[in-house]
Each structure stands twice: as C-alpha cells, then as structure tokens.
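Chain and residue survey
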Amino acid sequence: MRQSGPPADEERPDEALLPEDAAVDLAAERNSAGLDETIESLDRELIGLHEVKTRVREMAALLLVDRMRQRFGVSSSRPNLHMCFTGNPGTGKTTVALRMAELLHRVGYLDRGHLVSVTRDDLVGQYVGHTAPKTKEVLKRAMGGVLFIDEAYYLYRAENERDYGQEAIEILLQVMENQRDDLVVILAGYTDRMEEFFRCNPGMSSRIAHHIEFGDYELDELIAIARLMSDGEGYRLSGEAAEALRERLRGQMVQPRFANARSVRNALERARLRHASRLLECAGRCGVAELTRLEPPDFSP
Ligand SMILES: Nc1ncnc2c1ncn2[C@@H]1O[C@H](COP(=O)(O)OP(=O)(O)OP(=O)(O)O)[C@@H](O)[C@H]1O
Ligand SMILES: [Mg+2]
C-alpha cells in the first residue's frame, strides 16, 4: 500500500450565508480554490489525454458551483464522485488519480486530499476473519482522501464463491454509499476486465458515477512525453535522437507488453546509461552540452 499527497492541513473556514441579492465573484472563487493553477499544471504536465482533462474540468466546475450555491444556502445532494479509470498500462491512470485527489481537496470536497493506493492483497486476508479488519484499516487510512484500487477486478473471483474478496467488496460498497463525504474511491484497470467485473458486481457498478477511459498514446504524443520527461531530468533530445526514439517506439508500440508512457520512461532510463558510458569511453573534454544531450546511439536497440 502506498500513500502520497498532502497531509491534513487547513480547515475550511465557516462562512456566513450570503443574502439572496448578493453575487459571488467567479474569478475570485476559482482563484481562491487554486483551481486554475491545478488545471493548468495538469494541462502542462500531461501530454494529450484531452477527454480525461475535459472530464476533470467538468467535475471541478461542478464542485466549485456547488460550493458557491452552498454560500447562498441552496442545498443539493453531494455529488457522487466515485470513479473508474480504465486503460492500458502506462496511460496515466495513477498520475491523474493523484491530481484528482489534490483537486478535490482544493475545492473543499475532501479534507485531506491524500491518495492511498492499494491492490487486492492490501484488502483481502488469507483466512476467516482476516479480511474485514484489513479492509477497514485501509479505509481508515484513506478517509478524507482518495482510495485508489488498482486492478480492482482481482477483488472478485468468479470461480470461487467463498473467496474473501467478496467480503472486501461488501465493506467497500457500504462505505462508498454511507461515507461519500469522507472518501472518494477510484477503481482502475484494463477496460475489458473492468467491464466484466462490473457485470458480475452490479452493486459496485451502480455506485460508480464516472467512468473515464484512458486511450493509448499516439506516436507523436509519446515523443512529446519523452521531451517533457527529459526536460524534467535535465536532458535534451537532439533532433536525430528523437527520430531514433520514434523508430524504436514505433516497433515497440505494436508489441503486447508495450506500456505507453512507462515504456517511454524506461527507454529514457536506458538512454541515460548509454549516454554516460558513451561519454566516458570518448574520454575527451566534456561540457554541459555533451552532458545533457542524448544522441541516436543512446536509443539504438
Ligand atoms: N500524458 C502524460 N504526459 C506525461 N507523462 C505521462 C503521461 N501519462 C503518463 N505519464 C508518465 O508515465 C508514467 C506512467 O504513468 P502512470 O503510472 O500514471 O500510468 P498507469 O496508467 O497508472 O499505469 P499502470 O496501469 O501500469 O498502473 C508516469 O511516470 C507518468 O508520470
Ligand atoms: Mg497505475
């Protein structure tokens, strides 16, 4: 189990209700929630993912408007924000979940905005009576933030009716229904397997309001991701190096174990090793240009 994100911090101030003829300043509201900043950094730091970004923006808008309505005392039910992120490996699901946790905290929906990332083994025990305390402990840790369940379909084993996973699912369902104010659950996994999971667990399906699909990246997007990642690490891709990487990725993309942006990260890690060895081998003088520039041989197979 991993936990990340901001620790518990500032309380939301209790605001007095506004009179009916008052007006709120939209720009100031967005600003005070730091919403534009969060959305801009999402735009800047994540390549592509247009539909995902649109969905995130829509949710942020809803929450902000809800918050303003509350200032006038207009009540509405708290929106259901449990989500499911589907897509292939390395398409950005975990990364977006982290951003989502931060955003939900900023608009005041979640008290803490941390993310607890778990898989089946963190929730399900090995023997009778083991699962409930395990699941409850995880839920306790996730309260006030996001519980991210990766490869959620492993919770359900169709072949075994008495599988302890079922017990974990029941507890999750209860909390998702009754403690919506304190916890957002995001399930993640491959599209087809998640669909099968929802078919077998209609209770879970009906509690998830937002299904967000993460598509595979196009080649151009993968190269843009590579540029972004290398910039962040203080490397530059020469034009020829980008071309060599493009050729490499073109071959890898069609293979079954290709992992989108993660494969790009791995290619860059390997390139850093090659680059370092290449520099030491040539044993000449070496300036910052050489130290930062990745070249085609660094990306050869
Ligand atoms: N659109 C993007 N732009 C830039 N970097 C990205 C993008 N998508 C993913 N990454 C980077 O790629 C890596 C893998 O992403 P992430 O772990 O979010 O994928 P995932 O969908 O959760 O994968 P898995 O299903 O294998 O858990 C991370 O280092 C992330 O920062
Ligand atoms: Mg992930």
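Keep in mind that this is a model prediction, so the values were computed, not measured.

Cut-offs applied
Residues numbered from 1 in each chain as written. Chains lettered and ligands numbered in written order. Predicted model: local features only at pLDDT ≥ 70, side-chain atom pairs only at ≥ 80, totals over all residues. Heavy atoms only, no water. Helix = DSSP H or I, 4+ residues; strand = E, 2+ residues; numbered from the N terminus. Buried < 20%, exposed > 50% of the residue type's maximum accessible area, 1.4 Å probe, protein only. Polar contact = N/O pair within 3.5 Å; in protein donor to acceptor, adjacent residues only side chain to side chain. Contact = heavy atoms within 4.5 Å. UniProt positions renumbered as here; feature names shortened; annotations may be inferred. Disulfide = S-S within 2.5 Å. Phe/Tyr/Trp six-rings, centres within 6.5 Å; stacked < 30°, edge-to-face > 60°. Lys NZ or Arg CZ within 6 Å of the ring centre and 35° of its normal. Core = buried A, V, L, I, M, F, W, Y, C linked by side-chain atoms within 4.5 Å. Domains from an automatic or database assignment. Buried area = accessible area lost by both parts, 1.4 Å probe. Salt bridge = Lys/Arg side-chain N within 4 Å of Asp/Glu carboxyl O. Nonpolar A, V, L, I, M, F, W, Y, C, P; charged D, E, K, R; others polar. Pairing = 2+ DSSP bridges. Axes fitted to C-alpha atoms, helices over the stretch in contact; angles between N-to-C directions. Near = heavy atom within 4 Å. Areas by Shrake-Rupley, 256 points an atom, 1.4 Å probe, with all protein chains shown as cover.

1. Topic: the side chain of Asn 80
Locating Asn 80 in the fold gives a position in the loop between helix H3 (50–71) and strand E2 (83–87). Classification of Asn 80 as buried rests on a relative accessible area of 19%. From its side chain, Asn 80 meets the backbone nitrogen of His 82 in a polar contact 2.9 Å long. Setting aside its immediate chain neighbours within four residues, Asn 80 contacts Arg 180, Arg 207, Ala 209 and His 210.

2. Some thoughts on the UniProt feature "domain: AAA+ ATPase" (unreviewed entry) in the chain
Within this structure's numbering, the places UniProt gives as "domain: AAA+ ATPase" (unreviewed entry) are residues 79–218. Between the C-alpha atoms that bound residues 79–218 the distance is 34 Å, and the span itself is 43% helix and 18% strand.

3. Comments concerning the state of the cysteines
Overall, the coordinates contain zero disulfides when judged by the stated rule. Left unpaired, Cys 286 is separated from the closest cysteine sulfur, that of Cys 282, by 6.9 Å.

4. Some remarks on the packing of aromatic side chains
With the rule as written, the count across this model stands at three aromatic pairs. Seen from the ring of Tyr 109, Arg 78 lies directly overhead, with NZ or CZ sitting 4.0 Å from the centre.

5. Overview of the side chain of Ser 238
As for its placement among the helices and strands, Ser 238 is situated in the loop between strand E7 (236–237) and helix H11 (239–253). Setting aside residues up to four positions removed in sequence, Ser 238 forms contacts with Arg 293, Leu 294, Glu 295 and Pro 296.

6. What to know about the nonpolar core
Core analysis: the biggest nonpolar cluster contains 54 residues, and Phe 85, Leu 104, Val 184, Ile 186, Leu 237 and Phe 299 have the highest contact counts within it. When residues of this core are assigned to domains, at least three fall in each of domain 1 (2–214) and domain 2 (219–299). The contacts of Phe 299, once residues within four sequence positions are left out, are Leu 237, Ala 241, Ala 244, Leu 245, Arg 248, Ala 267, Leu 268, Ala 271, Arg 274 and Leu 294. One finds Met 143, Ala 168, Leu 172 and Ile 208 within the second-largest nonpolar core, a separate group that totals 30 residues.

7. Focus on the domain arrangement of the chain
Domain annotation of the chain identifies domain 1 (2–214) and domain 2 (219–299). Taken together, the contact pairs eight residues of domain 1 with eight residues of domain 2. Regarding the contact of domain 1 and domain 2, the summed buried area is about 590 Å², with carbon and sulfur atoms giving 63% of it. When the area that domain 1 buries against domain 2 is broken down by residue, the three leading residues are Ile 47, Pro 89 and Gly 90, summing to 73%. Here domain 1 and domain 2 share zero salt bridges between them. Joining domain 1 to domain 2, the criterion identifies two residue pairs in polar contact (both at pLDDT 80 or more). Its residues placed into classes, the side of domain 1 that touches domain 2 shows two nonpolar, four polar and two charged.

8. Points about the sheet that holds E2
The six strands are arranged E1-E3-E4-E5-E2-E6 in an open sheet whose pairing can be described as mixed. Only two strands of the sheet have a single neighbouring strand rather than two, namely strand E1 (2–4) and strand E6 (210–214). The mean angle between the axes of side-by-side strands here comes to 20 degrees, regardless of whether they run parallel or antiparallel. Inspection of the sheet shows E2 paired to strand E5 (residues 184–189) by four bridges, in the parallel sense. Following the sheet pairing, Cys 84 is matched in E5 by Leu 187. Across the sheet, helix H4 (residues 93–106) lies against E1, E2, strand E3 (115–118), strand E4 (146–150), E5 and E6, angled at about 155 degrees from E2, the strand it touches most. Against the sheet, helix H6 (residues 131–142) engages E1, E3 and E4, with an angle of about 135 degrees to E4.

9. Considering the site of ligand 1
Taken together, 19 residues surround ligand 1, and among them Ile 47, Lys 93, Thr 94, Thr 95 and Arg 262 come closest. Separating an oxygen atom of ligand 1 from a backbone N or O atom of Gly 90 is a distance of 2.8 Å. Measuring from an oxygen atom of ligand 1, one finds a side-chain N or O atom of Thr 94 at 2.7 Å. Within the complex, 84% of the 630 Å² of free accessible area of ligand 1 lies under protein. By residue class, the composition of the shell around ligand 1 is nine nonpolar, five polar and five charged. Per-domain counts for the shell around ligand 1 show at least three residues from each of domain 1 (2–214) and domain 2 (219–299).

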